[in-house]
Amino acid sequence: MIRNILIGAIILCLSLFAAEAFAEITVVPQVGTLTVYAHSGTETLDAETLETTASDFKGGDVAVTYDDEAGAVDLEAVEGSSSVVFGIAKLFLDADDSVHIEYNVDESGTVRYFSIGSALGDIVVTFPDGSRIVIPEDASVSLTLLADNNYDLSVLEGEVEYTDPNGQTRTLTTSSPAILIQGYGLVPDWRSDEIKRNPATP
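Residues numbered from 1 in each chain as written. Predicted model: local features only at pLDDT ≥ 70, side-chain atom pairs only at ≥ 80, totals over all residues. Heavy atoms only, no water.

(A) Quick peek at the nonpolar core. Among the nonpolar cores identified, the biggest contains 43 residues, and Leu-75, Phe-114 and Ile-116 are the most heavily contacted of them. Examining the composition of this core, we find that four residues originate from one element, strand E9 (residues 98-105), more than from any other. Once residues lying within four places of it in the same chain are set aside, the contact partners of Phe-114 are Phe-86, Ile-88, Ala-89, Ile-101, Glu-102, Tyr-103, Val-141, Ser-142, Leu-143 and Tyr-151. (Core = buried A, V, L, I, M, F, W, Y, C linked by side-chain atoms within 4.5 Å. Buried < 20%, exposed > 50% of the residue type's maximum accessible area, 1.4 Å probe, protein only. Helix = DSSP H or I, 4+ residues; strand = E, 2+ residues; numbered from the N terminus. Contact = heavy atoms within 4.5 Å.)

(B) Inspection of the sheet that holds strand E3 (residues 41-45) at higher detail. Spatially, the nine strands line up as an open sheet ordered E3-E2-E1-E7-E8-E11-E12-E15-E16, and their pairing is mixed. What marks the edges here is a single partner per strand, and that holds for E3 and strand E16 (169-172). Looking at each pair of strands side by side, their axes are set apart by 20° on average, direction ignored. Note that strand E2 (residues 33-38) and E3 share five bridges and pair antiparallel. The partner of Ala-38 across the bridge, within E3, is Gly-41. (Pairing = 2+ DSSP bridges. Axes fitted to C-alpha atoms, helices over the stretch in contact; angles between N-to-C directions.)

(C) Representation of the confidence of the model for the chain within the structure. Model confidence for the chain is summarised by a mean pLDDT of 83, while 79% of its residues fall at 70 or above. Predicted confidence is poor over residues 185-202, with pLDDT under 50, and the contacts of this stretch with residues over four places away or in other chains come to 50 contacts. (pLDDT = per-residue confidence, 0-100.)

(D) Highlighting the pairing of strand E10 (residues 111-120). Strand direction decides the pairing type here: E9 and E10, joined by eight bridges, are antiparallel. For Val-105, the partnering residue across the bridge sits in E10 and is Val-111. Direction of pairing for E10 relative to strand E13 (residues 140-145): antiparallel, over a ladder of five bridges. Each bridged residue has a counterpart across the sheet, and for Ser-115 the counterpart in E13 is Ser-142.

(E) Looking closely at the pattern of salt bridges. Taken as a whole and judged by the stated rule, the model has two salt bridges. Note that Glu-24 is salt-bridged to Lys-90, the shortest N-O span being 3.2 Å. Of this pair, Glu-24 sits in the loop between helix H1 (2-21) and strand E1 (25-30) while Lys-90 sits in strand E8 (residues 89-93), and the two are 66 residues apart along the sequence. The shortest N-O distance in the salt bridge between Arg-112 and Asp-106 comes to 2.9 Å. The exposure class of Arg-112 is partly exposed, given its relative accessible area of 41%. (Salt bridge = Lys/Arg side-chain N within 4 Å of Asp/Glu carboxyl O.)

(F) Quick look at the pairing of strand E15 (residues 160-163). As paired elements, strand E12 (residues 132-135) and E15 share three bridges and run antiparallel to each other. Directly across from Ile-133, in E15, lies its bridge partner Tyr-162. One ladder, built from four bridges, connects E15 with E16; its direction is antiparallel. Paired with Thr-163 across the two strands is Thr-169, which belongs to E16. Between the end of E15 and the start of E16, which pair antiparallel, lie five residues, with Gly-167 showing a positive phi angle near 90°.

(G) Local environment of the sheet that holds E10. On the basis of which strands lie adjacent, the open sheet formed by eight strands has the order E4-E5-E6-E9-E10-E13-E14-E17 and antiparallel pairing. Both outer strands of the open sheet, strand E4 (51-55) and strand E17 (179-181), are each paired with one neighbouring strand and no more. Sheet twist, expressed as the average angle between the axes of neighbouring strands with direction ignored, equals 25°. With five bridges joining them, strand E6 (residues 72-79) and E9 adopt antiparallel strand pairing. Bridge pairing links Ala-72 to Glu-102 in E9.

As structure tokens, this is what we get:
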């Protein structure tokens, strides 16, 4: 009897983990390929297969367009709201929002650098250390991997609103010094869809 209860509990935990694992869409670049993990399934894009549509657990659809030569990906929310994880960035996309991401990945699959630009809509991006930014249209930021596995965040174009892990908000421009973004492991619920999408006010 106890054994059956334990087995049932394990199966329930695994089911809940699987559901949470695909609550968002995860985009993983490698050299020459881009793998998209989603509730709708897993798809690998390459030089011959450049487009797919991925669905998250809540039914939001995101069109994914891969540019193999440039090392870039375009993401557009075509139906509903969705969240997409790319490296340490979790992007929240409302319907019709779209972003352009360019990246540099080494042979081991480590993303050394990536930039995020909003093509349409104000894009909210959260990071594992609890900080977040809002990228308006025609603005873009870059994240550069450091030796200690943290990242430097810099503004490439326009202005973005940055909220630090303590909830203090300020505007960053191309002349602002780089901001340190700490890597994984500091915020256990970072991958949760329950994180507030709108930045906190000071």
